[in-house]
Amino acid sequence: MDEMFDQLQSVADRYEELEGLLSDPDVINDTQRFMKLSKEEGEIRETTDKYNHYKDINNQIAENQAMLREKLDPEMDTMVKQDLNTLETEKAKLEEEMTVLMLPKDPNDDKNIIMEIRGAAGGDEASLFAGDLLDMYMRYSEKQGWQTEIVDQTPTEVGGFKEVVIMISGDNVYSKLKFENGAHRVQRVPQTESQGRVHTSTATVAVMPEYDSVDIDIDAKDIRTDVYRSSGAGGQHINKTSSAVRMTHLPTGIVVAMQDERSQQQNREKAMKILRARVYDYYEGQNQSEYDENRKSAVGTGDRSERIRTYNYPQNRVTDHRIGLTLNKLDRIMNGDLEEIIDALILHDQTKKLEQLQNG
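Keep in mind that what you see is a predicted model, and the values were worked out from it rather than measured.

What counts as what
- Residues numbered from 1 in each chain as written.
- Predicted model: local features only at pLDDT ≥ 70, side-chain atom pairs only at ≥ 80, totals over all residues.
- Heavy atoms only, no water.
- Phe/Tyr/Trp six-rings, centres within 6.5 Å; stacked < 30°, edge-to-face > 60°.
- Helix = DSSP H or I, 4+ residues; strand = E, 2+ residues; numbered from the N terminus.
- Buried < 20%, exposed > 50% of the residue type's maximum accessible area, 1.4 Å probe, protein only.
- Lys NZ or Arg CZ within 6 Å of the ring centre and 35° of its normal.
- Expected span 1.5 Å × (residues − 1).
- Axes fitted to C-alpha atoms, helices over the stretch in contact; angles between N-to-C directions.
- Parallel < 35°, antiparallel > 145°, perpendicular 65-115°, else oblique.
- Left-handed = near helix turned anticlockwise from the far one by under 90°.
- Nonpolar A, V, L, I, M, F, W, Y, C, P; charged D, E, K, R; others polar.
- Pairing = 2+ DSSP bridges.
- Salt bridge = Lys/Arg side-chain N within 4 Å of Asp/Glu carboxyl O.
- Patch = residues over 30% accessible without salt bridge, like charges linked within 9 Å, V, L, I, M, F, W, Y side chains within 5 Å.
- Areas by Shrake-Rupley, 256 points an atom, 1.4 Å probe, with all protein chains shown as cover.

## Things to note about the packing of aromatic side chains
Within a pair of aromatic rings, the relevant descriptors are the distance that separates the centres and the angle that separates the planes. Scanning the entire structure with this criterion turns up three aromatic pairs. Both rings, one in Phe5 and one in Tyr54, keep their centres 5.2 Å apart while their planes meet at 20 degrees; by these two values the pair is stacked. Of this pair, Phe5 sits in helix α1 (residues 2-21) while Tyr54 sits in helix α3 (residues 31-69), and the two are 49 residues apart along the sequence. There is no split in this pair, since Phe5 and Tyr54 are both buried. Plain terms: the ring middles of Tyr140 and Trp146 are 5.6 Å apart, the flat faces sit at 85 degrees to each other, and that makes the pair edge-to-face. Just above the ring of Tyr313 sits the side chain of Arg188; from NZ or CZ to the centre is 4.8 Å.

Okay, structure coming up:
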């Protein structure tokens, strides 16, 4: 515990230093540095506030204990003891909250994400479910105030998706959606089922942090870029220019094709974002032992083949198998009300990390 308080004091000292820097004219005039330091200040503000409040509580406890050592009249003695009990309870609560705040943070938590949803087992029904999951995440993102953009899609004739790729941008997107990685199972009566039988289908979700070129360096000579004419709807413009882009990362064989945008430059930028995320994800998966070690406190391994959740339509039920959580509100969850599941997954993850910290 002493070590944690040393760390908390360091955080508080750094916060004070940042407040000074952010009022420095030289820093204010350097937009990039100002934004970086503002972000750092924002990240440690809550920890600093709680630590300062904790020190105030400790001082009040010490004052009350000193008063009790004096001879007080019975009424005053009772009041001081009651106040002391309240302060001790608040102190214990703050210690718990600060311990959680000081847990090692996932460096990707504040990143935007690239999410890939694919229809898996179940044919047309799986592709329709992939579309339902896309709607669910789009609605959840809207409630969070995040921006969403579909960057690639392979629709099916029945109105679903064989595969769809979406970029989600905003505050702490990865921290809230990283546990969605895995296989999602649906149990329902398909529209095409005349006998009213419940079928089981699956769709997989992959959540990858969006990396800047600063975060992950891909050598330009390792990428082969081909340009070609876009196909599909779009009028004469599309057929006149080679605006579509196909990028191949030669060491891994990962291919990203992009033709949604009208200009080749826009398609290049989007293709590069997805390629960067997929290459990083590939290397993380390759180094599986280290990858598992780094993620052992997370909820599940994040493997796409791992069945993480079942959506049962006849019983309006959702079950997250990793934490044994069952909610009878499937309709609301599919409408984007994911907070209860996501909060439970984050709490479970924090609890695991706390146990590891306490067990050394």
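## A closer look at helix α5 (residues 123-144)
Over its 22 residues, α5 runs 32 Å from end to end, which matches the ideal 32 Å to within 8%, given 1.5 Å per residue. Restricting attention to buried positions, one finds in α5 the residues Glu125, Ala126, Ser127, Phe129, Ala130, Gly131, Leu133, Leu134, Met136, Tyr137, Tyr140 and Ser141. Following α5 by one or two positions, Gly145 adopts a phi angle in the positive range, close to 80 degrees.

## Some details on the packing of α3 against helix α4 (residues 74-101)
Running from amino to carboxyl end, α3 crosses α4 at an angle of 155 degrees, the nearest separation of the two axes being 9 Å. Put simply, α3 runs roughly antiparallel to α4. Relative to α4, the crossing made by α3 is left-handed. Residues that form the contact of α3 with α4 fall into these classes: 12 nonpolar, six polar and 10 charged.

## Let's talk about the sheet that holds strand β8 (residues 254-258)
The antiparallel open sheet is built from three strands, whose spatial order is β6-β7-β8. Of all the strands in the sheet, just β6 (223-228) and β8 have a single pairing partner and so form its edges. Averaged over all pairs of adjacent strands, the angle between strand axes in this sheet comes to 15 degrees, irrespective of strand direction. Bridge count for strand β7 (residues 244-249) against β8 is five bridges, and the pairing is antiparallel. Looking across to β8, one finds that His249 is bridged to Ile254.

## Notes on α4
Residues three or four positions apart in an α-helix share a direction because the helix packs 3.6 residues into each turn. Compared with an ideal rise of 1.5 Å per residue, which puts 28 residues at 40 Å, α4 spans 41 Å between its outermost C-alpha atoms and is within 8% of the ideal. Residues Asp77, Val80, Leu84, Leu87, Leu94, Glu95, Met98, Thr99 and Leu101 constitute the buried set of α4.

## A word on the pattern of salt bridges
Applying the stated rule across the entire model yields 21 salt bridges. We note a salt bridge from Asp132 to Arg188, for which the minimum N-O separation is 2.8 Å. One end of the pair, Asp132, is in helix α5; the other, Arg188, is in strand β4 (residues 182-188), with 56 residues separating them in the sequence. Note on Asp132: relative accessible area 24%, which makes it partly exposed. Residue class for Arg188 comes out buried when judged on its relative accessible area of 11%. With its nearest N and O atoms 3.1 Å apart, the salt bridge here joins Asp320 to Arg309. Of the two residues, Asp320 is situated in strand β10 (residues 317-320) and Arg309 in strand β9 (residues 307-312); the sequence distance between them amounts to 11 residues. In this pair, the class of Asp320 matches that of Arg309, namely buried. Salt bridges sharing common partners tie together Glu116, Arg118, Glu163 and Arg278.

## Details of the sheet that holds strand β11 (residues 325-327)
Across the sheet, eight strands lie side by side as β2-β3-β1-β5-β4-β9-β10-β11; this open sheet has mixed pairing. Among the strands making up the open sheet, the edge pair consists of β2 (147-155) and β11. In this sheet, neighbouring strand axes are inclined to one another by 15 degrees on average, regardless of whether the strands run parallel or antiparallel.

## Here's the deal with the pairing of β10
Taken together, the four bridges between β9 and β10 define a ladder with antiparallel strand orientation. Following the sheet pairing, Tyr311 is matched in β10 by Val318. Here β9 hands over to β10 after four residues, with Asn316 in that stretch at a positive phi of 50 degrees. Of the pairings in the sheet, the one linking β10 to β11 comprises three bridges and is antiparallel in character. Each residue of the ladder has a partner; that of Val318, found in β11, is Leu327. Turn length for the β10-β11 hairpin, with the two strands adjacent in sequence and antiparallel, is four residues, and the turn residue Gly324 shows positive phi of about 65 degrees.

## Comments concerning a nonpolar patch on the surface
Taken together, the side chains of Met67, Met76 and Met79 present a nonpolar region at the surface, about 250 Å² in accessible area. In this structure, Met67 sits in helix α3. Residue Met67 is classed as partly exposed on the basis of its relative accessible area, which comes to 31%.

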